[in-house]
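# Residue-level structure breakdown
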Amino acid sequence: MRETGGMTMSRIKLGAFYLAVLITLGMFVLFTGELFMLLGLGFGLGQELGIHQLHVMGIAIVVFFGALTMLVQLYKPVTRVAAFQAGAVMIGIATLILALTGNASLSEVLPFFVAFVVVGLLHPAGRKLLTVGKKYSPALLGLTIVAAIPLLAFVINQLGLQTGAGDEHALMGHYAMMATLSLTIVIAGLLVAFESIGFRLLAWLLGVLTAYFGLLSVVLPIQASNVGVLWGGLTIVWAIVFVAVAEMSARENASSYFSRELRERDDLMPGKPAG
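Here the residue index of a chain counts from 1 through its sequence in written order. pLDDT decides what is reported in this predicted model: residues at 70 or higher carry local features, side-chain atom pairs at 80 or more are listed and counted, and totals for whole chains, interfaces and linings draw on all residues regardless. Heavy atoms from the whole structure form the basis of all side-chain values; hydrogens and water molecules are not counted.

Turning our attention to the packing of aromatic side chains. Between rings of Phe, Tyr and Trp, where Trp is taken as its six-membered ring, a pair exists when centres lie within 6.5 Å; planes separated by under 30 degrees are stacked, by over 60 edge-to-face, and by other angles tilted. According to the stated counting rule, one finds nine aromatic pairs in the structure shown. Relative to Y18, the ring of F17 lies with its centre 5.1 Å away and its plane at 65 degrees, an arrangement referred to as edge-to-face. A 1.4 Å probe rolled over the protein chains alone gives each residue an accessible area, and that area as a share of the maximum for its type sets the label: buried under 20%, exposed over 50%, partly exposed in between. A residue is classified by how much of its surface remains accessible, and F17, at 0% relative accessible area, is buried. Both rings, one in F154 and one in F213, keep their centres 5.7 Å apart while their planes meet at 55 degrees; by these two values the pair is tilted. Highlighted residues: F154 in helix α6 (residues 138-164) and F213 in helix α9 (residues 199-219), separated in sequence by 59 residues. For the pair F154 and F213, a shared accessibility class is recorded, and that class is buried. Members of the aromatic cluster, each reached through a chain of ring pairs, are F28, F31 and F112. Secondary structure follows DSSP: runs of H or I at least 4 residues long count as helices, runs of E at least 2 residues long count as strands, and numbering of each begins at the N terminus.

On to the packing of helix α3 (residues 53-71) against α9, then. Comment: axis = line fitted to C-alpha atoms, over the contacting stretch for helices; angle = value between 0 and 180 degrees taken between N-to-C directions. Contact geometry of α3 with α9 gives a least axis separation of 10 Å together with a crossing angle of 175 degrees. The orientation of α3 relative to α9 falls into the category roughly antiparallel. Judged by residue contacts, L54, M57, G58, I61, F65, L68 and T69 of α3 engage L202, L205, L206, L209, Y212, L216 and S217 from α9. Geometric relationships in this document are graded by angle, where less than 35 degrees denotes roughly parallel, more than 145 denotes roughly antiparallel, 65 to 115 denotes roughly perpendicular, and other angles denote oblique. The contact definition used throughout considers only heavy atoms, calling two residues in contact when any of these lie within 4.5 Å.

Remember that the coordinates give geometry; whether it matters functionally is a separate question.
As structure tokens, then:
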């Protein structure tokens, strides 16, 4: 009887999880659906978007990334932990920055933060959401560290503008969202480098996010928060290389440059006989 009751509760929890995922996706469509259209159309709407063109399109890719990390949870969620971790971290960062800066945009982000928390509590992966993999990729870790240096400098710059600029962009929380985008790239890169469950999928999602960020600066070099044509181009190249290295790291026979044990195997621990 206890076993049957346990199975029933597990099914109820799993059903609640999928319902929470669908509700969250519905929120993305209902509240941010217009932003999705700007991912492609925004490049031709310079006159309509004006000085906010890059910011609005940057926010669009942030929202799209969050929606994708939730969408992939509808299929084999226990194998796609890394994507959820990245999406949850991104929403958490945005919420924290907007709360600390007292920006009115917090009210728009907070419902999604709550939704991600609920989905996380119901997620069938359980405590695995708080862990990374048993291996790591030295190559991916190196790439992430290289990218983190300019990205964190950019974050500091954007946070300074968010708190001190006092212009339209700051009032609308645009600088905060650009800082969120950059921090997400760094943290998601670390999740991939430490081969969190489903890191290969996250590597592709991160590649799209990063390449688009670079493209915005290449195409819109005079807009606020652009990183310049050179850095934008390097960002695109980095995204392509990162995905390629992630693919090599995901191979079963990957060399130690691409994948290495993070923890010692139990049978090789001191005091334990091998075999």
